[in-house]
Amino acid sequence: EAGVTQFPSHSVIEKGQTVTLRCDPISGHDNLYWYRRVMGKEIKFLLHFVKESKQDESGMPNNRFLAERTGGTYSTLKVQPAELEDSGVYFCASSQGVGFYTFGSGTRLTVV
Amino acid sequence: GEDVEQSLFLSVREGDSSVINCTYTDSSSTYLYWYKQEPGAGLQLLTYIFSNMDMKQDQRLTVLLNKKDKHLSLRIADTQTGDSAIYFCAETRMDSSYKLIFGSGTRLLVRP
(Lines give C-alpha, C1' and ligand atoms only; values in the text may rest on other atoms or scores of the structure.)
Protein backbone atom coordinates (compact mmCIF):
# COMPACT_ATOMS: atom_id res chain seq x y z
CA GLU A 1 0.00 0.00 0.00
CA ALA A 2 1.38 3.39 -0.98
CA GLY A 3 1.77 5.81 1.89
CA VAL A 4 0.93 9.49 2.07
CA THR A 5 2.80 11.36 -0.64
CA GLN A 6 3.63 15.04 -0.61
CA PHE A 7 4.93 17.22 -3.44
CA PRO A 8 7.31 18.95 -3.64
CA SER A 9 9.69 17.83 -0.95
CA HIS A 10 11.35 21.24 -0.93
CA SER A 11 10.34 24.63 -2.26
CA VAL A 12 12.21 27.91 -2.14
CA ILE A 13 10.25 30.97 -3.23
CA GLU A 14 10.53 34.70 -2.90
CA LYS A 15 8.33 36.72 -0.63
CA GLY A 16 5.16 37.68 -2.47
CA GLN A 17 5.13 34.66 -4.74
CA THR A 18 2.59 31.85 -4.74
CA VAL A 19 3.28 28.24 -3.83
CA THR A 20 1.00 25.22 -4.02
CA LEU A 21 1.68 22.13 -1.96
CA ARG A 22 0.07 18.83 -2.80
CA CYS A 23 -0.84 15.82 -0.69
CA ASP A 24 -1.96 12.43 -1.93
CA PRO A 25 -3.47 10.49 0.97
CA ILE A 26 -3.69 6.74 1.29
CA SER A 27 -6.39 5.49 -1.06
CA GLY A 28 -9.71 5.15 0.72
CA HIS A 29 -8.81 7.44 3.63
CA ASP A 30 -11.61 9.92 4.07
CA ASN A 31 -9.77 12.04 6.64
CA LEU A 32 -6.98 14.32 5.50
CA TYR A 33 -5.10 16.71 7.76
CA TRP A 34 -2.59 19.48 7.18
CA TYR A 35 -0.07 20.42 9.87
CA ARG A 36 2.86 22.82 9.95
CA ARG A 37 6.09 23.09 11.93
CA VAL A 38 7.60 26.53 11.97
CA MET A 39 11.14 27.34 13.11
CA GLY A 40 11.66 24.29 15.30
CA LYS A 41 8.51 24.87 17.28
CA GLU A 42 5.63 22.49 17.84
CA ILE A 43 3.78 20.92 14.95
CA LYS A 44 0.51 22.80 14.64
CA PHE A 45 -2.78 21.72 13.16
CA LEU A 46 -3.98 23.68 10.14
CA LEU A 47 -7.12 21.97 8.92
CA HIS A 48 -9.04 18.74 8.49
CA PHE A 49 -10.98 17.43 5.50
CA VAL A 50 -13.54 14.67 5.58
CA LYS A 51 -13.74 13.63 1.97
CA GLU A 52 -14.08 16.94 0.11
CA SER A 53 -15.56 18.91 3.00
CA LYS A 54 -13.63 21.08 5.44
CA GLN A 55 -14.45 19.67 8.87
CA ASP A 56 -12.24 22.03 10.84
CA GLU A 57 -10.11 24.88 9.54
CA SER A 58 -9.53 26.56 12.86
CA GLY A 59 -5.76 26.31 12.51
CA MET A 60 -5.42 28.17 9.24
CA PRO A 61 -3.23 31.21 9.99
CA ASN A 62 -4.93 33.76 7.72
CA ASN A 63 -6.65 34.19 4.39
CA ARG A 64 -3.41 33.87 2.46
CA PHE A 65 -3.79 30.12 2.92
CA LEU A 66 -6.29 28.19 0.82
CA ALA A 67 -6.80 24.44 1.02
CA GLU A 68 -8.86 22.37 -1.35
CA ARG A 69 -9.72 18.72 -1.77
CA THR A 70 -11.79 18.50 -4.90
CA GLY A 71 -13.35 15.08 -5.38
CA GLY A 72 -12.18 13.96 -1.97
CA THR A 73 -8.90 12.54 -3.21
CA TYR A 74 -5.71 14.60 -3.20
CA SER A 75 -5.50 17.97 -1.48
CA THR A 76 -3.67 21.18 -2.27
CA LEU A 77 -2.58 23.93 0.06
CA LYS A 78 -1.88 27.24 -1.63
CA VAL A 79 -0.08 30.14 -0.01
CA GLN A 80 -0.63 33.45 -1.80
CA PRO A 81 1.22 35.72 -1.36
CA ALA A 82 3.89 33.98 0.68
CA GLU A 83 5.50 35.80 3.59
CA LEU A 84 8.77 35.08 5.40
CA GLU A 85 6.96 33.69 8.45
CA ASP A 86 5.33 31.01 6.28
CA SER A 87 8.64 29.16 6.10
CA GLY A 88 8.51 25.76 7.74
CA VAL A 89 7.69 22.14 7.12
CA TYR A 90 4.16 21.33 6.03
CA PHE A 91 2.94 17.85 6.85
CA CYS A 92 -0.05 16.02 5.53
CA ALA A 93 -1.67 13.05 7.25
CA SER A 94 -4.55 10.76 6.42
CA SER A 95 -6.67 8.28 8.31
CA GLN A 96 -9.67 6.07 7.74
CA GLY A 97 -11.04 6.35 11.24
CA VAL A 98 -10.11 8.04 14.46
CA GLY A 99 -6.83 7.62 16.22
CA PHE A 100 -4.40 6.27 13.65
CA TYR A 101 -2.80 8.66 11.24
CA THR A 102 -0.22 8.14 8.52
CA PHE A 103 1.99 11.12 7.81
CA GLY A 104 3.76 12.13 4.64
CA SER A 105 7.42 13.15 4.54
CA GLY A 106 6.50 16.81 4.51
CA THR A 107 7.24 19.76 2.25
CA ARG A 108 9.96 22.10 3.45
CA LEU A 109 8.99 25.61 2.38
CA THR A 110 11.53 28.40 2.49
CA VAL A 111 10.40 31.94 1.75
CA VAL A 112 13.27 34.33 1.07
CA GLY B 1 1.45 28.68 26.60
CA GLU B 2 1.80 25.38 24.81
CA ASP B 3 -0.71 22.62 25.37
CA VAL B 4 1.91 19.89 25.21
CA GLU B 5 5.39 20.49 26.61
CA GLN B 6 8.64 18.62 26.15
CA SER B 7 12.25 19.27 26.95
CA LEU B 8 14.15 20.30 23.84
CA PHE B 9 17.25 18.17 23.97
CA LEU B 10 18.58 14.91 25.40
CA SER B 11 22.02 13.38 24.96
CA VAL B 12 22.81 9.81 25.99
CA ARG B 13 25.61 7.32 25.47
CA GLU B 14 25.03 4.34 23.21
CA GLY B 15 23.73 1.39 25.21
CA ASP B 16 22.22 3.54 27.96
CA SER B 17 18.51 4.08 28.45
CA SER B 18 16.83 7.27 27.26
CA VAL B 19 13.81 8.79 28.93
CA ILE B 20 11.88 11.50 27.14
CA ASN B 21 9.21 13.31 29.12
CA CYS B 22 6.05 15.13 28.12
CA THR B 23 3.23 16.94 29.89
CA TYR B 24 -0.14 17.54 28.33
CA THR B 25 -3.25 19.47 29.27
CA ASP B 26 -6.39 17.86 27.85
CA SER B 27 -7.71 15.38 30.40
CA SER B 28 -10.23 14.12 27.85
CA SER B 29 -7.57 12.83 25.46
CA THR B 30 -8.24 9.25 24.48
CA TYR B 31 -4.94 8.48 22.82
CA LEU B 32 -1.44 9.73 23.48
CA TYR B 33 1.30 9.17 20.95
CA TRP B 34 5.02 9.20 20.41
CA TYR B 35 6.21 10.06 16.91
CA LYS B 36 9.78 9.91 15.61
CA GLN B 37 11.23 12.14 12.92
CA GLU B 38 14.57 11.23 11.45
CA PRO B 39 16.51 13.80 9.42
CA GLY B 40 14.81 14.46 6.09
CA ALA B 41 12.00 12.03 6.83
CA GLY B 42 8.36 12.31 7.82
CA LEU B 43 6.70 11.53 11.10
CA GLN B 44 6.76 7.88 12.03
CA LEU B 45 4.36 6.60 14.67
CA LEU B 46 6.48 4.85 17.27
CA THR B 47 3.87 3.87 19.79
CA TYR B 48 0.66 5.02 21.40
CA ILE B 49 -1.20 4.43 24.62
CA PHE B 50 -4.86 4.57 25.53
CA SER B 51 -5.66 6.97 28.32
CA ASN B 52 -7.06 4.17 30.49
CA MET B 53 -3.68 2.43 30.55
CA ASP B 54 -0.73 3.14 32.83
CA MET B 55 1.99 1.44 30.86
CA LYS B 56 2.68 -0.07 27.49
CA GLN B 57 5.78 -2.00 26.48
CA ASP B 58 6.83 -2.75 22.93
CA GLN B 59 10.29 -4.30 22.54
CA ARG B 60 12.80 -1.60 23.57
CA LEU B 61 10.09 1.01 24.11
CA THR B 62 8.18 1.57 27.35
CA VAL B 63 5.49 4.21 27.65
CA LEU B 64 4.36 5.35 31.08
CA LEU B 65 1.25 7.44 31.61
CA ASN B 66 0.40 9.29 34.80
CA LYS B 67 -3.06 10.60 34.10
CA LYS B 68 -3.35 12.42 37.41
CA ASP B 69 -0.29 14.53 36.66
CA LYS B 70 -0.91 14.52 32.87
CA HIS B 71 2.61 13.19 32.38
CA LEU B 72 3.74 10.86 29.62
CA SER B 73 7.19 9.38 29.19
CA LEU B 74 8.98 7.28 26.61
CA ARG B 75 11.84 5.05 27.70
CA ILE B 76 14.14 3.59 25.07
CA ALA B 77 16.24 0.74 26.38
CA ASP B 78 19.71 0.04 25.01
CA THR B 79 19.69 3.23 22.96
CA GLN B 80 21.42 2.93 19.58
CA THR B 81 22.88 5.56 17.26
CA GLY B 82 19.97 4.89 14.92
CA ASP B 83 17.64 6.19 17.60
CA SER B 84 19.02 9.69 17.13
CA ALA B 85 16.05 11.73 15.94
CA ILE B 86 13.40 14.18 17.10
CA TYR B 87 10.68 12.65 19.23
CA PHE B 88 7.26 14.29 19.38
CA CYS B 89 4.66 13.68 22.02
CA ALA B 90 1.06 14.22 20.88
CA GLU B 91 -2.44 14.02 22.28
CA THR B 92 -5.75 13.82 20.50
CA ARG B 93 -8.07 16.74 20.96
CA MET B 94 -11.53 15.32 21.45
CA ASP B 95 -13.39 17.69 19.19
CA SER B 96 -14.98 17.26 15.79
CA SER B 97 -11.62 16.67 14.16
CA TYR B 98 -9.77 14.46 16.63
CA LYS B 99 -6.77 16.48 15.61
CA LEU B 100 -3.35 15.90 17.11
CA ILE B 101 -1.80 18.43 19.45
CA PHE B 102 1.97 18.11 19.38
CA GLY B 103 4.77 19.19 21.62
CA SER B 104 7.83 21.00 20.29
CA GLY B 105 9.81 17.79 20.02
CA THR B 106 12.83 16.46 21.91
CA ARG B 107 16.02 16.06 19.94
CA LEU B 108 17.75 12.87 21.05
CA LEU B 109 21.46 12.59 20.36
CA VAL B 110 23.08 9.21 20.92
CA ARG B 111 26.84 9.41 21.42
CA PRO B 112 28.96 6.39 20.44
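Above this text sits the structure in question.
Residues numbered from 1 in each chain as written. Chains lettered and ligands numbered in written order. Predicted model: local features only at pLDDT ≥ 70, side-chain atom pairs only at ≥ 80, totals over all residues. Heavy atoms only, no water.

A word on the pairing of strand 11 (residues 106-111) of chain B. Consecutive side chains of a regular strand alternate in pointing toward one face of the sheet and then the other. Residues and elements named next belong to chain B. Of the two faces of strand 11, the one lined by Thr 106, Leu 108 and Val 110 is fully buried and the one lined by Arg 107, Leu 109 and Arg 111 carries no buried residue. Relative to strand 11, strand 2 (residues 9-13) runs parallel, the two sharing five bridges. By the bridge assignment for strand 11, Ser 11 is matched with Leu 109. Sheet topology places strand 9 (residues 85-92) next to strand 11; three bridges connect them, and they run antiparallel. Bridge pairing in strand 11 places Tyr 87 opposite Thr 106. (Buried < 20%, exposed > 50% of the residue type's maximum accessible area, 1.4 Å probe, protein only. Helix = DSSP H or I, 4+ residues; strand = E, 2+ residues; numbered from the N terminus. Pairing = 2+ DSSP bridges.)

The subject of this paragraph is the pairing of strand 4 (residues 31-37) of chain A. All names here are of chain A. Within strand 4, seven of the seven residues are buried, which leaves it mostly tucked inside the rest of the structure. Because side chains alternate across strand 4, one face comprises the buried residues Asn 31, Tyr 33, Tyr 35 and Arg 37, and the other comprises Leu 32, Trp 34 and Arg 36, equally buried. Of the pairings in the sheet, the one linking strand 4 to strand 5 (residues 43-50) comprises seven bridges and is antiparallel in character. Each bridged residue has a counterpart across the sheet, and for Leu 32 the counterpart in strand 5 is Phe 49. The loop that links strand 4 with its antiparallel partner strand 5 comprises five residues; one of these, Met 39, has a positive phi angle of about 50°.

A few words on the pattern of salt bridges. On inspection of all chains with the given rule, the structure shows eight salt bridges over all chains. Of the charged contacts, one joins Arg 64 of chain A and Asp 86 of chain A as a salt bridge, the two residues approaching to 2.6 Å between their closest N and O atoms. Within this pair, whereas Arg 64 of chain A is found in the loop between strand 6 (53-56) and strand 7 (65-68), its partner Asp 86 of chain A is found in the loop between strand 8 (75-79) and strand 9 (88-95), the two being separated by 22 residues in sequence. Accessibility classification places Arg 64 of chain A together with Asp 86 of chain A in one group, the buried group. Between Lys 68 of chain B and Asp 69 of chain B there is a salt bridge, with the nearest N and O atoms lying 3.6 Å from each other. (Salt bridge = Lys/Arg side-chain N within 4 Å of Asp/Glu carboxyl O.)

The next subject is the nonpolar core. Core analysis: the largest hydrophobic core is formed by 22 residues, its most contacted members being Trp 34, Leu 72, Leu 74, Tyr 87 and Leu 108 of chain B. Elements represented by at least two residues in this core include exactly strand 2, strand 3 (18-23), strand 4 (31-37), strand 5 (43-50), strand 7 (61-66), strand 8 (71-76), strand 9 and strand 11 of chain B. For Leu 74 of chain B, the contacting residues outside a window of four places in its chain are Ser 18, Val 19, Ile 20, Trp 34, Leu 46, Thr 47, Leu 61, Thr 62, Val 63 and Tyr 87 of chain B. The next biggest cluster of nonpolar side chains, apart from the first, holds 21 residues, and it includes Val 4, Ile 26, Trp 34 and Val 111 of chain A. (Core = buried A, V, L, I, M, F, W, Y, C linked by side-chain atoms within 4.5 Å. Contact = heavy atoms within 4.5 Å.)

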